[in-house]
Every structure is written in C-alpha cells, then in structure tokens.
Amino acid sequence: MHKVAMSRVDWSALREDFPILRERVNGHPLIYFDNAASSQKPSAVLNVVRSYYEHENANVHRGLHALSARATEHYEKSRHRVADFIGATSADEIVFTRGTTESINLVAQAWGGRFLHAGDVILLTEMEHHSNLVPWQLLSERIGAQLRFVPVHDDGTLALEKLSSLLTPEVKMFAFTHVSNSLGTINPVVDLCQKARGVGAVTLVDAAQSIGHMPLNVQELGCDFLAFSGHKMCAPTGIGVLYARSEILKSIPPWHGGGEMITSVTLEKSSFKQPPHRFEAGTPNIAGAIGLAAAIDYIEGIGRAQIFQHDVDFATYALKRMAEVPGLRVLGTAQERGGVISFVMDAAHPHDLTTFADRYGLALRGGHHCNQPLMRRFGVTGTSRASFYFYNTREEIDRTIDILQKAVGFFK
Ligand code: PMP
C-alpha cells in the first residue's frame, strides 16, 4: 500500500469526537487499547441513532404511516451506503445481520447446508477466530464434510507454500480472515481468492478486523462472501453485514423463518422474498443499520487509506517502544500487519498483567482472544493484546510502556 499524506488529518481533533475517551478509570485518564474487541463511537454516530429514535422510530417495511415510511427509507438507504462502501454491485448483495458471527453462521448453515456434501472439504486457517471455525465444525459434523487448515508460520504469516497441496478440487469453501485479531497479520486476500477460484472453491473473507481500518473493495478482493461487524468500526453493537455476490445469494435457501422474509404464507407452506430480505426474518436492528451508515460517513470523512497508515505507523512505534521492556515477547512479526499486537511477559500471566494495567486506566485484553487453536500453536494459553484505532496517541503508548515497566517491578 502506498504511503499516504498524513498531514491533512488532525488526529487529536478527531479524538474530541469520542466522548468516552474523556473518561477516567481508577483515577487515571483512560487509555483504550481494546479496539480489536470493539471500537468507541463518535458523537456523529450517537447523534444519528438518537435522532432516529426521536424522529423516525417505527417498524420497517410494514406500516403505511409516515414514521414507518421514514424508518424504511433510512434503513434501506443505509443498505445502499454499505454497498457503496465495500464496492458491491448492488444493495441487494447486502444482508444486515447481528455481526460477523451471525453472518458466518448464515453462510455455513444456509449455503453450506444446501451446497456442501459428505466428503467435501472446507479449508480454513490456523489463525481463524472461533467465529470462523465453530460454525464450520457444526456444519461438517452434520453433513460429514472435512475441515483442513492452512498452518501459520512462527512469524504469524500463513504457510502459503502449503496452499497448492491443501487447495485441491475437493475444497468447496475457503474461509479465512483478512486480518488476524491476535497477531495483526494481514493476509493476501486477492491472491487467496484467486487461487480458490482456480479450483472452483467459494471464498468467504472474515473482514471483522479490516473493515474499519483499510480501503476494502469486494470486487477488487474477488471474494464471494464477506462478513463484518459494525461495532469494530465506530457503529453500534448488534449490527453487521453479510455481503454475497448476487448470483450466490439468490441461490441460497432461507435460513431463519418469520416475518419480513415471506411473500405469502398458508398454514402449510410459505413462499419467500428475494435476497436480501429473505435473510432478514423479524424486526431488524433498524437503529443499528442507520448508525452503521453514519459510521461509514464518519470513517470516509477521515479516509480509510489515512486510517490504515495511522495503524501501521502506530504499530511500528508501539513495537519499537515495547522492545525496551525486559522479558516482553511479541507474537507474530509479519511485515504486513495492522494495529494489533499480542505479547507475553516473563513477569506475569496475561490475566494478571491485564488486571494490573487496568489499575492505571489502561484497557488491554488478556486471554485467548477467541483464538484457542492459534494460542496452542504458539505454545501459550493466552496473551495480552493491545489494539489501536485512529484516536489513539503516541503519548498513550509512552504511558503504556511506563505501566508495563512498573509491572516488571511489581511482579518480581
Ligand atoms: N472474526 C474476527 C477476526 C474477529 O476479530 C471477531 C471479533 N473479535 C469476530 C470474527 C467476531 O465478531 P462479532 O463478535 O462481532 O460477531
């Protein structure tokens, strides 16, 4: 990716957009380094959600009254905004879900349940979040499919040299993460999708950690499915997206049944709407979808290339400073990496270290990060993880290093 001119973004001014960053925790200013788990929300998003409830709130697609029309229009406009944001060819390729997890479960159960059979192979990687592993385990147990895994090298990159022996014609689905939520590794999505296409496999990209952090266009990536969550990109919790190429989406049978997804129902049988509505049974998260569109406006106002460059520069600075802390080891040293750093310290167990950090207002994450197989691969039960977003400052890194240095003394 090209180096982007950073001068036009006033990062410290952006920080003011996030009211929660003014919180104090245990008597200290909050340092929020748990962005890979969930990002904070700017006032622009909070205001849009509030305004929706104050001026438009009603159920969508049903009512013939003014508020329902307003809510429906705003909800559907948000779908167009998402389509535009990820380069989908049409808003009909965008299904609103609760998040990445639900999106992947939809694909595994509805698409996989219809198109995969005993003996078919689902190829995953050793670095998948449990959300992109367990749904495939459940499916394969049900239908007798097999799971295969691309191993991970010590540096946190995928063992791509093994791909030709793993990505065989029996592979019907290759599902992998864009950015590792534990190691920060950025995977070569374009290349992986191209290779999968070569053997006729369908691809699913887990974009939970990339969507709010870098330019992303589904047509350039060449994927068939893409899943992400709003809450990691400045939007509310409980809203996410499944993108699927229109031709594939149209072939998938209904998943959840209920209101909103039918065209007619008799006591015995129902017929169903076209996608995406076929996959949105029940009252959707209307405010969430509207908040997601507001988050997209906010992020595009900054520039995704600028945010990515900020992540990269920030991680480089953090890694440099972390090397000063005695007994600290970083997992994964990939060249292509985002703003996620997992580390272990000789001084303390990740849980103890994370609890210690919290005393100083530093929010890290300690544990397996829903990556138990990857942790096992690296011979640890868990790590401490610092994950950054564009509102973090270098001064926060410097304070973090002081806290980690204190921990070395404290746990001696
Ligand atoms: N995949 C990855 C790579 C993630 O980091 C996460 C969230 N930690 C998920 C999937 C699951 O996202 P959600 O909990 O929002 O469904």
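In what follows, the structure referred to is the one given above.
Residues numbered from 1 in each chain as written. Predicted model: local features only at pLDDT ≥ 70, side-chain atom pairs only at ≥ 80, totals over all residues. Heavy atoms only, no water.

**Brief notes about the packing of helix H10 (residues 286–302) against helix H11 (residues 304–322)**
- Their axes nearest at 6 Å, the elements H10 and H11 cross at an angle of 70°. Classified by the angle their axes make, H10 and H11 are roughly perpendicular. Packed against H10, whose contacting residues are Ile-299, Glu-300 and Ile-302, the element H11 presents Arg-304, Gln-306 and Ile-307 at the interface.
- Its residues assigned to classes, the contact of H10 with H11 comprises three nonpolar, one polar and two charged. (Axes fitted to C-alpha atoms, helices over the stretch in contact; angles between N-to-C directions. Helix = DSSP H or I, 4+ residues; strand = E, 2+ residues; numbered from the N terminus. Parallel < 35°, antiparallel > 145°, perpendicular 65-115°, else oblique. Contact = heavy atoms within 4.5 Å. Nonpolar A, V, L, I, M, F, W, Y, C, P; charged D, E, K, R; others polar.)

**Points about unusual backbone geometry**
- Cis peptide bonds are those with omega within 30 degrees of zero, and the linkage from Pro-275 to Pro-276 qualifies with 5°.
- Inspection of the secondary structure assignment puts Pro-276 in the loop between strand S12 (270–272) and H10.
- Phi is positive for Asn-26, close to 50°, though the residue is something other than glycine.
- Within the fold, Asn-26 resides in the loop between strand S1 (24–25) and strand S2 (28–29).
- Its identity is not glycine, yet Glu-260 carries a phi of approximately 75°, on the positive side.
- Here Glu-260 shows up in the loop between helix H9 (246–251) and strand S11 (262–265).
- For Glu-260, a relative accessible area of 10% translates into the label buried. (Buried < 20%, exposed > 50% of the residue type's maximum accessible area, 1.4 Å probe, protein only.)

**Observations concerning the site of the ligand**
- Looking at the ligand, the residues that line it are Thr-100, Thr-101, His-129, Ser-131, Thr-177, Asn-181, Asp-206, Ala-208, Gln-209, Ser-229, His-231 and Lys-232.
- One nitrogen or oxygen atom from the main chain of Thr-100 is found 3.4 Å from an oxygen atom belonging to the ligand.
- Asp-206 is positioned with one of its side-chain polar atoms (N or O) 2.5 Å from a nitrogen atom of the ligand.
- Class assignment for the residues of the shell around the ligand results in one nonpolar, nine polar and two charged. (Near = heavy atom within 4 Å. Polar contact = N/O pair within 3.5 Å; in protein donor to acceptor, adjacent residues only side chain to side chain.)

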